[in-house]
Amino acid sequence: MSSRLLRLAGLVLGVMMMAVPAHADALKDEIAPTGKLRVAIAISAAGGAFWSTKTESGYAGVPVELGREMAAQLGVPVEYVVHQNSGQITDAAAKNSWDVTFLPKDPERETKMTFGPIYEVADATYIVKPGSTITNFATLDQDGVKVAAVNNTTTMRGAITHLKHAKVTGYQTYDEIFNLLKNGEVDAFALSRDQLHAMAKKIPGTRVLDETFKQTVTAVAVPLNHPLAAAFAAKFMTDATSNGTLRKAYDNNGLKDSPIRTGAK
C-alpha cells in the first residue's frame, strides 16, 4: 500500500474512532440529559407488563427491570419517576420530567411521544361486582350501569367508545377502583383480562366477562423530537425480545405463564 493510501486509511480510522464517542455523547445528552435515565412508571397492585409495584427496597415490575437494563447499557444510573397511571405519564411527556417509559399505545398518545416496538398485547374486558346479574356485554351496556376505568387511559377511551348506554367514569388509581368494586359502589371495572382474573381471586363473587372489547398494546416510548433516544429505545426492545431480557423480566414479575405478544391478532 502506498504512503498516500496509508495516510488516507489512518485519517478515516481516526475519524471513525472520534465519531463513536461523539455519537455516544450525543445519545446520552438526549436520552439522559440529567446524567441519569429517568424511567416513568405507574404504581399499582395490578401487576402485568405495564404496572409496577412499590417494594421495601424500591420498585419492581417489567418496566422497572427494562429501565434498569437500559440504563446499564447507556452506562448511567437509573431513576424511577413515579405516577399513578399511564394518563399521568402521558400528560408529563412534554414537561421534561422523564426520559423513557413503557406504556399502552394509542393514536392519541402517538401525538405526544414516539413509540418503539410493541412488547405486549392484552385483551380488555370487564369484571362485574360481587352478586351482579350481568353476564355479558349486552346486559352490561344498560342505562344506569356504572363502569369504572383508570382515568385517561387507552382502556378507558376504549370503554367509552364501546359502551353506548352504561356510564364510564375515570378514577386515578387501580386501588381506588378495587375498593369501589369490592364494596359494590360500581357495577364493573374495565381493564385487561389477565389483571381482572387476578382481581377476581381477591374479591369473591366477582365475574370476568368472556368477551373482549379491545386489544391494548404496550410499547417503549420516549418524548417527541428525540430521534437518537427513539432509535436506541427501539433497538433495545428488539434486542431484549430476542436475547431473553424481556422474558426474564416477565418471569421475575409473576408472568411466567404469560407469552410475549409483539403484535395484535
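Source: prediction; values computed, not measured.

Caption draft 1: Looking closely at the overall build of the protein. Counting its regular elements, the protein contains 9 helices and 11 strands. Projecting the C-alpha coordinates of the protein onto the three principal axes gives extents of approximately 90 × 35 × 35 Å. Counting every position in the protein, which comprises 265 residues, the buried fraction comes to 46%. Considering only contacts in the protein between residues 6 or more positions apart, those separated by 24 or more positions represent 70%. Averaging the locations of the 28 positively and 26 negatively charged side chains of the protein gives two centres separated by 3 Å.

Caption draft 2: Examining unusual backbone geometry more closely. The phi dihedral of Asn152 is positive, around 60°, even though this residue is not glycine. Mapped onto the elements, Asn152 comes out in the loop between strand S7 (146-150) and helix H5 (154-162). Even without glycine at this site, Asn225 takes up a positive phi of about 60°. Summarising the element assignment, Asn225 is placed in the loop between strand S11 (214-223) and helix H8 (227-243). Under the relative-accessibility criterion, Asn225 is labelled exposed at 72%.

Caption draft 3: The pattern of salt bridges, seen in detail. In this structure the tally under the stated criterion is 9 salt bridges. A salt bridge links Asp251 to Arg247; the shortest N-O distance between them is 3.1 Å. Taken as a pair, Asp251 and Arg247 lie in helix H9 (residues 245-251) at a separation of 4 residues, close to a single helical turn. A single salt-bridge network, built from bridges that share partners, covers Asp106, Glu108 and Arg157.

Caption draft 4: Expanded view of the packing of aromatic side chains. By the definition in use, this model includes 7 aromatic pairs. Consider the rings of Tyr126 and Phe137, whose centres lie 5.4 Å apart with planes at 85°: the pair is edge-to-face. One end of the pair, Tyr126, is in strand S6 (residues 113-128); the other, Phe137, is in helix H4 (residues 137-140), and 11 residues separate them in sequence. Exposure remark for Phe137: the relative accessible area of 11% places this residue in the buried category. Centroid distance Tyr174 to Phe189: 6.1 Å. Interplanar angle 55°. Geometry classified as tilted. Of the two residues, Tyr174 is situated in helix H6 (residues 174-182) and Phe189 in strand S9 (residues 188-192); the sequence distance between them amounts to 15 residues. Joined through ring pairs, the aromatic side chains of Tyr126, Phe137 and Phe213 make up one cluster.

Caption draft 5: Representation of the side chain of Thr155 within the structure. Within the secondary structure, Thr155 is located in helix H5. Among the residues examined, Thr155 registers a relative accessible area of 10% and is labelled buried.

Caption draft 6: Geometry of the side chain of Arg38. For Arg38, the position within the fold is in strand S1 (residues 37-42). Arg38 gets classed as buried once you look at its relative accessible area, which sits at 8%. Ignoring any residue separated from it by four or fewer positions in sequence, one finds Arg38 in contact with Pro33, Glu79, Val81, Asn96, Ser97, Trp98, Asp99 and Val100.

Caption draft 7: Broad picture of helix H7 (residues 193-202). When we look at burial in H7, the residues that qualify are Arg193, Gln195, Leu196 and Met199. Axial view of H7: buried residues confined to an arc of 155°, hence all on one face. Elements that come into contact with the buried residues of H7 comprise S6, H6, S9 and strand S10 (207-208).

Caption draft 8: Seen up close, the confidence of the model for the protein. Considering every residue of the protein, the mean pLDDT works out to 90; 91% of them sit at 70 or more. Here residues 8-20 is a poorly scored stretch, pLDDT under 50, and it has 0 contacts once near neighbours within four places are set aside; other chains count.

Caption draft 9: Summary view of the pairing of S9. The buried count for S9 comes to 5 of 5 residues, which makes it a mostly enclosed element. Judged from the 5 bridges that link them, S6 and S9 form a sheet pairing that is antiparallel. Note on S9: the bridge partner recorded for Tyr126 is Ala190. With 2 bridges joining them, S7 and S9 adopt parallel strand pairing. Residue pairing across strands places Val147 opposite Ala188, the latter belonging to S9.

What counts, and where the lines are drawn
- Residues numbered from 1 in each chain as written.
- Predicted model: local features only at pLDDT ≥ 70, side-chain atom pairs only at ≥ 80, totals over all residues.
- Heavy atoms only, no water.
- Helix = DSSP H or I, 4+ residues; strand = E, 2+ residues; numbered from the N terminus.
- Buried < 20%, exposed > 50% of the residue type's maximum accessible area, 1.4 Å probe, protein only.
- Contact = heavy atoms within 4.5 Å.
- Lys, Arg positive; Asp, Glu negative; His and termini not counted.
- Charge placed at Lys NZ, Arg CZ, Asp CG, Glu CD.
- Salt bridge = Lys/Arg side-chain N within 4 Å of Asp/Glu carboxyl O.
- Phe/Tyr/Trp six-rings, centres within 6.5 Å; stacked < 30°, edge-to-face > 60°.
- Arc of directions from axis to C-beta.
- pLDDT = per-residue confidence, 0-100.
- Pairing = 2+ DSSP bridges.

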